[in-house]
Amino acid sequence: MAMMDLQERNERLFYKLLIDNVEELLPVVYTPTVGEACQKYGTFFRRPQGLYISLKEKGKILEVLKNWPEKDIQVIVVTDGERILGLGDLGCQFNQMSNVLAGNGNSYTALGGLRPSACLPITIDVGANNQKLLDNEFYIGLKQKRAIGQVR
């Protein structure tokens, strides 16, 4: 949470700290800590750092993508939250930081020199098969069983 707060307040300092201390901090901003963050995400929702696309936007994906402020994207990381880090179906409980997605982006920046704004994390919300999530009043995604197969 402290690292997420720092990233929101001062992205340059966040990446400087991460790059200078990558061995100690990568496990904090990525695996394994991000797994617990994904599981508990609904209880500490923060400002999303990725793009959220709901099944309700079917037919409007290009319109939604055009709303993303950064136009010079080099890497797109996408998930529907069905199988994350061996944790099972997390639905879109995953969309802040798009936790692992932004964690991927953070590692691309810290280890590969990619500009943070060049990475676009996308969470596609198609429901969830995790009944515990669907029953949770704080779950932020579509409260429906996961859509499977071709959506018409």
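These figures come from a predicted structure and were not determined experimentally.

(A) Representation of a nonpolar patch on the surface. A surface patch of nonpolar side chains, amounting to about 240 Å² of accessible area, comprises Ile-61, Leu-62 and Leu-65. By the secondary structure assignment, Ile-61 is in helix H5 (residues 61-66). Accessibility expressed as a relative area gives 36% for Ile-61, which makes it partly exposed.

(B) Looking closely at the packing of helix H1 (residues 2-9) against helix H2 (residues 11-20). Look at H1 against H2: their axes get within 5 Å of each other, and the N-to-C directions meet at 130 degrees. Judged by the angle between their axes, H1 and H2 are oblique. Along the contact surface, H1 presents Met-3, Leu-6, Gln-7 and Arg-9, while H2 presents Glu-11, Leu-13, Phe-14, Tyr-15 and Leu-17. Residues that form the contact of H1 with H2 fall into these classes: six nonpolar, one polar and two charged.

(C) Highlighting helix H3 (residues 22-29). Of the positions making up H3, those classed as buried are Leu-25, Leu-26 and Val-29. Taken end-on, H3 shows its buried residues confined to a sector of 110 degrees, consistent with a single buried face. What points out from H3, more than 90 degrees from its buried face, is the exposed set Glu-23 and Glu-24.

(D) Fine view of the side chain of Arg-146. Mapped onto the elements of the fold, Arg-146 is located in the segment after helix H7 (131-135). In contact with Arg-146, other than residues within four places in its own chain, are Asp-80, Gly-81, Glu-82, Asp-89, Gly-91, Val-126, Gly-127, Ala-128 and Asn-129.

(E) Quick look at the confidence of the model for the protein chain. Looking at the protein chain as a whole, its pLDDT mean stands at 78, while 75% of the residues score no less than 70. Ranking the elements of the protein chain by mean pLDDT puts helix H6 (residues 99-112) last with 61 and H5 first with 91. Scored below 50 in pLDDT, residues 96-101 shows 35 contacts in the model against residues more than four places distant or in partner chains.

(F) Highlighting the environment of Leu-90. Assignment of secondary structure puts Leu-90 in the loop between strand E2 (75-79) and H6. Judged by relative accessible area, Leu-90 falls into the buried class, the value being 4%. In this structure, the C-alpha to C-alpha distance between Leu-90 and Lys-132, residues 42 residues apart in sequence, is 9.8 Å.

Rules used in this analysis
Residues numbered from 1 in each chain as written. Predicted model: local features only at pLDDT ≥ 70, side-chain atom pairs only at ≥ 80, totals over all residues. Heavy atoms only, no water. Patch = residues over 30% accessible without salt bridge, like charges linked within 9 Å, V, L, I, M, F, W, Y side chains within 5 Å. Areas by Shrake-Rupley, 256 points an atom, 1.4 Å probe, with all protein chains shown as cover. Salt bridge = Lys/Arg side-chain N within 4 Å of Asp/Glu carboxyl O. Helix = DSSP H or I, 4+ residues; strand = E, 2+ residues; numbered from the N terminus. Buried < 20%, exposed > 50% of the residue type's maximum accessible area, 1.4 Å probe, protein only. Axes fitted to C-alpha atoms, helices over the stretch in contact; angles between N-to-C directions. Parallel < 35°, antiparallel > 145°, perpendicular 65-115°, else oblique. Contact = heavy atoms within 4.5 Å. Nonpolar A, V, L, I, M, F, W, Y, C, P; charged D, E, K, R; others polar. Arc of directions from axis to C-beta. pLDDT = per-residue confidence, 0-100.

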